[in-house]
Amino acid sequence: MSMIQKQKEKFMQDAGQIADALIDYAQTHGKSAGLSDVEIYISGHNETSVSVEDGEPAMTENGAVDEITIKLFAGDRKIAFSRNIGNLDQIKKAISDNLQLLPHVPENPDTRLAASEDVAQAMKEDLDLFDADDVTSQDLIAYALKVEKEVYANKQVKSCRSVSASQNVSMVYHKATNGIERALARTKYSAGASVIAEANEKMEIGGEYYGARHFKDMPDAKLLGRDAANDAVSKLGSEQPETGDYPIVLDHGTAAGFFSTVMSAISGNAVYQNATILKDSLGQSVMPKDITIEDDPSLERGLGSQSVDSAGIASQKMTFIEKGVVKSYVLNLHSARKLKQKPI
C-alpha cells in the first residue's frame with residue numbers, strides 16, 4: 001500500500017472517531033440549549049509546490065492545514081465555529097461555550113440542515129478523484145524541468161517568468177445527525193509556465209497551465225512547455241483592431257473565464273441578493289440560440305466532479321442554459337430556500 005493511501009485511511013479512521021465523540025458530547029450537553037442537530041466537518045489539506053529556474057530547482061514548499069468546523073442547531077437557530085484539530089478537550093470546551101450562546105442566536109429557517117429524506121443514501125464518492133500513487137517533490141521538479149527545457153527550445157522565447165508544479169491532497173470527513181456521512185479524498189496536480197517572447201524589439205507575455213486529478217493524467221511536460229512558448233510567441237506582432245463587430249474564437253482559458261462569469265450571473269446567491277442583471281432571467285433568452293451550458297458532476301477524474309454536494313444531497317447533471325434560454329439558476333441548499341426552489 002502506498003504512503004498516501006495509508007495517510008488517507010488513517011485520516012478517515014481518526015476523523016470518524018473524533019466526529020462520533022464530538023456529536024455524542026454535543027447531544028449529551030446540549031439538551032438545555034434545545035439542541036436539535038449537530039454537524040461536524042473535518043478537513044485536512046496538504047500542498048507541495050515546486051518551481052525551477054535556469055535548469056535548476058528554485059523553490060520547494062510544503063504546507064499542511066487540519067481544521068474542524070462544528071455547527072450546532074436548535075430548531076431555526078444555528079451557530080458555527082472552527083478550530084485547528086488538536087486537543088479534543090479544548091474543542092469540547094468550545095462546544096460548551098457555543099451551546100450557551102445558541103439560545104440567543106436569531107432564528108433563520110433557511111440555515112437548517114437538509115431534511116433527512118433529501119440526504120443521499122449512498123455517500124461514497126466513486127469518481128476516481130484520488131490518486132493513490134505516491135508522487136514526490138522530486139517527481140514534480142523533474143516534470144517542471146522538462147517544461148522549462150521545452151520552453152527554451154523555441155528561439156523566440158526571451159525568458160521564463162516562472163515554471164512551477166504542485167500537488168494538492170484534500171481529505172474530508174463530514175458527518176451530521178440528519179444522516180450525512182461523507183468520507184472524501186481528492187488529489188489535484190497542476191503545472192504552468194509564464195513566458196516572455198521577443199521579436200523586433202517587442203515583447204509579449206503568454207503561458208499555459210494544466211491540471212488533473214491524477215499525476216499520470218497530466219499532459220507530457222514537453223507539450224505543456226511547447227504550448228506555453230507558442231502562446232507567447234503567437235502574440236508577437238498583434239495589433240489593436242478598429243472598433244467594430246467581429247466574429248471571435250476563444251481559446252479554452254478565455255472561454256472558461258467567460259462562461260464562469262455567466263454562471264456567476266445566474267447563481268442563486270446573486271439572484272436572491274439582487275446582485276445580478278439576470279435576477280429575473282428564468283425562462284428568458286439571454287444568449288444566442290447555439291449556446292447550451294450543462295454541468296455534469298459525474299465525470300470520472302473531473303476537477304469539478306462530485307457525487308454528493310456539501311449539504312448531503314445527490315449531485316445530478318443539470319442544464320442551466322439551453323439554446324440561449326435560462327432553465328435553472330445555480331442553487332445550493334441555502335439559496336434554493338431563499339428562492340423557494342428545490343436545491344440542485
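See the structure shown above.
Residues numbered from 1 in each chain as written. Predicted model: local features only at pLDDT ≥ 70, side-chain atom pairs only at ≥ 80, totals over all residues. Heavy atoms only, no water.

Visitor: Is there a simple way to explain the sheet that holds strand β9 (residues 325-326) in this structure?
Guide: Either a parallel or an antiparallel arrangement is found when strands of a sheet pair, and the pairing is made through backbone hydrogen bonds. The strand order across the open sheet formed by three strands is β7-β8-β9, and the pairing between neighbours is antiparallel. Because the sheet does not close on itself, it has two edges, and the strands there are β7 (293-295) and β9. Direction of pairing for β7 relative to strand β8 (residues 318-322): antiparallel, over a ladder of three bridges. Paired with I293 across the strands is I321, a residue of β8. (Pairing = 2+ DSSP bridges. Helix = DSSP H or I, 4+ residues; strand = E, 2+ residues; numbered from the N terminus.)

Visitor: Can you walk me through the packing of helix α1 (residues 3-29) against helix α2 (residues 88-101) in this structure?
Guide: If you want to describe how two helices pack, look at the angle between their axes and the distance between the axes. As a packed pair, α1 and α2 sit with axes 10 Å apart at the nearest point and diverge in direction by 35°. Read as a crossing pair, α1 and α2 show a hand that is right-handed. Where α1 approaches α2, its residues I18, L22, Y25, A26 and H29 are matched on the opposing element by L88, I91, K92, I95, S96 and L99. Of the residues in the contact of α1 with α2, the class split is eight nonpolar, two polar and one charged. (Axes fitted to C-alpha atoms, helices over the stretch in contact; angles between N-to-C directions. Left-handed = near helix turned anticlockwise from the far one by under 90°. Contact = heavy atoms within 4.5 Å. Nonpolar A, V, L, I, M, F, W, Y, C, P; charged D, E, K, R; others polar.)

Visitor: Any chance you could explain the sheet that holds strand β1 (residues 37-53) here in plain terms?
Guide: The antiparallel open sheet is built from six strands, whose spatial order is β3-β2-β1-β4-β5-β6. Edge positions in the sheet fall to β3 (77-84) and β6 (202-212), since each has one partner strand and no second. Averaged over neighbouring strand pairs, the angle between their axes works out to 15° when direction is ignored. Strands in contact with helix α3 (residues 137-152) are β1, β2 (56-74), β4 (157-176) and β5 (181-199); relative to β4, the strand with the most contacts, it is inclined by about 145°.

Visitor: What am I meant to see in helix α4 (residues 221-233) here?
Guide: Note that an α-helix has 3.6 residues per turn; residues three or four places apart therefore point the same way. The terminal C-alpha atoms of α4 lie 18 Å apart, and with 13 residues this matches the ideal 18 Å at 1.5 Å per residue to within 8%. Among the residues of α4, A221, L224, G225, A228, A229, A232 and V233 are the ones counted as buried. Buried residues of α4, seen end-on, are gathered within an arc of 165° and therefore sit on one face of the element. Elements in contact with the buried residues of α4: α3, β4, β5 and β6. Its side-chain oxygen at 2.9 Å from the backbone nitrogen of K222, D220 defines the N-terminal cap of α4. (Expected span 1.5 Å × (residues − 1). Buried < 20%, exposed > 50% of the residue type's maximum accessible area, 1.4 Å probe, protein only. Arc of directions from axis to C-beta. Polar contact = N/O pair within 3.5 Å; in protein donor to acceptor, adjacent residues only side chain to side chain.)

Visitor: Before we go on, may I ask you to explain α1 in this structure?
Guide: Taking 1.5 Å per residue as the helical rise, α1 with its 27 residues ought to reach 39 Å, and the 39 Å between its terminal C-alpha atoms agrees with that figure. Where α1 is buried, its residues meet β1, β2, α2, β4 and β5.

Visitor: Hey, could you run me through the pattern of salt bridges in this one?
Guide: Side chains bearing opposite charge may pair, as long as their charged atoms lie close to each other. Tallying each qualifying case throughout the model produces 15 salt bridges. Between D128 and R301 there is a salt bridge, with its nearest N and O atoms 2.7 Å apart. Taken as a pair, D128 in the loop between α2 and α3 and R301 in the loop between β7 and β8 lie far apart in primary sequence, 173 residues in all. Here D128 falls in the partly exposed class, since its relative accessible area comes to 31%. On the basis of relative accessibility, which here comes to 28%, the residue R301 falls in the partly exposed class. K216 is the partner of D133 in a salt bridge, and the nearest nitrogen-oxygen pair spans 3.3 Å. In this pair, D133 is assigned in the loop between α2 and α3 and K216 in the loop between β6 and α4, connecting sequence segments 83 residues apart. Each member of the salt-bridge network shares a partner with another, and the members are D128, D217 and R301. (Salt bridge = Lys/Arg side-chain N within 4 Å of Asp/Glu carboxyl O.)

Visitor: Hey, could you run me through the side chain of S51 in this one?
Guide: Note on placement: S51 falls in strand β1. Look past the residues within four positions of S51 in its chain and what remains in contact with it is P57, A58, M59, V163 and S164.

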